[in-house]
Amino acid sequence: MEKKINMEKVKQMTLVLCGVILLGVGFMNYNTNEEETSSEIAVTDVGNRVGDVQLVSSNAIVENEKSNTSALVDNETNSTSNNESSNDNYFTKTKLERDEMYSRMLESYQKIIENKELPETQKSIAVQEIDKINKAQNSIMISENLIVNKGFEDVVVLVNNNVVNVVVKSSFLSNEDIGKIQNIVEREFDVDLSKVNISSKT
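Owing to the predicted nature of the structure, the values given are computational and were not obtained by experimental measurement.

**Q** Which residues make up the overall build of the protein chain, and what values do they have?
**A** In terms of regular secondary structure, the protein chain is built from 3 helices and 3 strands. Out of the 202 residues belonging to the protein chain, those deemed buried represent 18%. When the accessible surface of the protein chain is summed, it comes to about 15,000 Å², and 55% of that surface belongs to carbon and sulfur atoms.

**Q** Can you explain helix H2 (residues 120-149)? Please cite residues and give values.
**A** Here H2 contains 30 residues, and its C-alpha end-to-end distance of 43 Å stays within 8% of the 44 Å for a straight helix at 1.5 Å per residue. Looking only at H2, the buried set comprises Lys 123, Ala 126, Ile 130, Ile 133, Ala 136, Ser 139, Ile 140, Ser 143, Glu 144 and Ile 147. Backbone geometry just after H2 places Gly 151 at a positive phi near 110°.

**Q** Help me get a handle on unusual backbone geometry, residues and values and all.
**A** The backbone of Asn 161 sits at a positive phi, close to 55°, despite the residue not being glycine. With respect to the element layout, Asn 161 can be found in the loop between strand S1 (155-160) and strand S2 (163-169). For Asn 162, which is not glycine, the phi torsion reads 65° and is therefore positive.

**Q** With reference to specific residues and values, describe the layout of surface pockets.
**A** Computed from the structure, the largest pocket encloses a volume of approximately 520 Å³. What lines the largest pocket is a set of 18 residues, among which Tyr 102, Lys 132, Ala 136, Val 159 and Asn 162 lie closest to the centre. Listed by contribution, the elements that provide at least two residues to the lining of the largest pocket are helix H1 (2-114), H2, S1 and helix H3 (175-189). With 6 residues, H2 is the largest single contributor of residues to the lining of the largest pocket. Classifying every residue of the lining of the largest pocket by side-chain character gives 9 nonpolar, 4 polar and 5 charged.

Conventions and cut-offs
- Residues numbered from 1 in each chain as written.
- Predicted model: local features only at pLDDT ≥ 70, side-chain atom pairs only at ≥ 80, totals over all residues.
- Heavy atoms only, no water.
- Helix = DSSP H or I, 4+ residues; strand = E, 2+ residues; numbered from the N terminus.
- Buried < 20%, exposed > 50% of the residue type's maximum accessible area, 1.4 Å probe, protein only.
- Areas by Shrake-Rupley, 256 points an atom, 1.4 Å probe, with all protein chains shown as cover.
- Expected span 1.5 Å × (residues − 1).
- 1 Å grid on protein atoms, 1.4 Å probe; cavity = no way out; pocket = protein on both sides within 12 Å on 5 of 7 lines; lining within 4 Å.
- Points joined across faces, edges and corners; volume = space filled by probe spheres on them.
- Nonpolar A, V, L, I, M, F, W, Y, C, P; charged D, E, K, R; others polar.

The quantities given are spatial measurements derived from coordinates; they are silent on function.
This is the structure we're talking about:
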């Protein structure tokens, strides 16, 4: 009987010990997991902060490098292409100003024609002037296209008091080039060569 009681006590003690051990392991495991989680979070947070800092700084470096590179490129481009862009601007700007001038003139003459209070003689002169401007614009357009087709990069043609001024984008004009341009201008404007001025602009 005593042996039986002792055996039961041993069993109970073993069970209690197993329970305590399991509880201890569970508790330790819970604590360890919590620590690991918090340490993971801490590491992650630190990692993110470090990552952000690195990212920002590397972006800043990249941006700085880009801006420095673009500044260098811009400086190089500016040194080589400032003249080119200003010359391109010259041709574009001159053509634009010329076309705007013709538009204003046409508008003024059109108003004269539409004004009922003005005499017919003035209206007749206005009609003739409009016709002259239209012919000049047509001759300019054809001349510029033909000159560009001869191999020149750009050209602007200006007419003033029956004198035709031609500015060609070129560093050098040979006698042959001048002859080609003269032939085009003479034919399209029906003017004497003495009234044709040809110059180049690089």
